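Tertiary structure, described
Chain residues, written in single-letter form:
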Amino acid sequence: MWDQRTTTEGTVEETFAILTVPALPALQHIHDRMPLVLDRQHWPIWWHPHARRAHLESCFQPANIPWECFAVSPRVNRTRYDGPEAILPWDGVEPS
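As a starting point, this report considers the structure included with it. (Residues numbered from 1 in each chain as written. Predicted model: local features only at pLDDT ≥ 70, side-chain atom pairs only at ≥ 80, totals over all residues. Heavy atoms only, no water.)

1. Looking at the environment of Glu14
Let me state the cut-off plainly: Secondary structure is summarised from DSSP: a helix means a run of H or I of at least four residues, a strand means a run of E of at least two, and numbering begins at the N terminus for each. Contacts between residues were defined by any pair of non-hydrogen atoms, one from each residue, lying within 4.5 Å. In protein, a polar contact requires one atom able to donate a hydrogen and another able to accept it; more generally it is a pair of N or O atoms within 3.5 Å, and residues adjacent in sequence count only if both atoms are side-chain atoms.
Residue placement: Glu14 occurs in strand S2 (residues 12-16). As for Glu14 and Ala54, which are separated by 40 residues in sequence, their C-alpha atoms are 27 Å apart. Aside from chain neighbours lying at most four places away, what touches Glu14 is Asp3 and Gln4. A polar atom in the side chain of Glu14 sits 2.8 Å from the side chain of Gln4.

2. Considerations on the packing of aromatic side chains
What counts here: Only Phe, Tyr and Trp rings take part, Trp by its six-membered ring, and two of them pair if their centres are within 6.5 Å. Stacked means planes under 30 degrees apart, edge-to-face means over 60, and tilted covers everything else. Each residue's exposure class comes from its accessible area (1.4 Å probe, protein chains only) as a fraction of the maximum for that residue type: buried when under 20%, exposed when over 50%, partly exposed otherwise.
Scanning the model with the defined rule gives one aromatic pair in all. Judged by centre distance (6.2 Å) and plane angle (80°), the rings of Trp46 and Phe60 are edge-to-face. Residue Trp46 is found in helix H1 (residues 43-47), and its partner Phe60 is found in the segment after helix H2 (53-56); the two are separated by 14 residues along the sequence. You can call Trp46 buried: its relative accessible area is 17%. The partly exposed category is assigned to Phe60, whose relative accessible area is 26%.

3. Some words on the side chain of His42
Here His42 is to be found in the loop between strand S4 (33-35) and H1. The class of His42 is buried, set by a relative accessible area of 10%. Setting aside its immediate chain neighbours within four residues, His42 contacts Ser58 and Cys59.

4. With respect to the pattern of salt bridges
The following threshold applies: We count a salt bridge whenever a side-chain nitrogen from Lys or Arg sits within 4 Å of a carboxyl oxygen from Asp or Glu.
What the rule picks out here adds up to two salt bridges. For Glu13, the salt bridge is made with Arg5, and the minimal N-O distance between the two is 3.0 Å. Of the residues examined, Glu13 reaches a relative accessible area of 31% and is grouped as partly exposed. Classification of Arg5 as partly exposed rests on a relative accessible area of 45%. Of the charged contacts, one joins Arg53 and Glu57 as a salt bridge, the two residues approaching to 2.9 Å between their closest N and O atoms.

5. Focus: the side chain of Ser73
Within the fold, Ser73 resides in the segment after H2. Every residue in contact with Ser73, bar those within four places of it in the chain, is listed here: Trp90 and Glu94.

6. Things to note about the pairing of strand S1 (residues 2-6)
Inclusion rule: At least two DSSP bridges between two strands are required for those strands to pair.
Direction of pairing for S1 relative to S2: antiparallel, over a ladder of five bridges. Each residue of the ladder has a partner; that of Thr6, found in S2, is Val12. From the end of S1 to the start of S2, which pair antiparallel, there are five residues, and Gly10 there has a positive phi angle of about 90°.

Pasting the structure below:
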């Protein structure tokens, strides 16, 4: 979820939040929570301008899609790191 607003000083501010849910069984060995990934069938409900929590509760189940898990470089934990290798499988050896 994200929002954009203009402060009283006239600065545009962008904020975001990542909604998490209990991890699917296939991912529990990594962590007990995971980002909410909406099932495609829930998209219209989620984006409906008049949706309320009662309408959205059915969306809080993560999409049941196949997940692929593999190790990536620990560099992804560094805020200054922004390389495309971040999403590639890692062999356990740090590049020099």
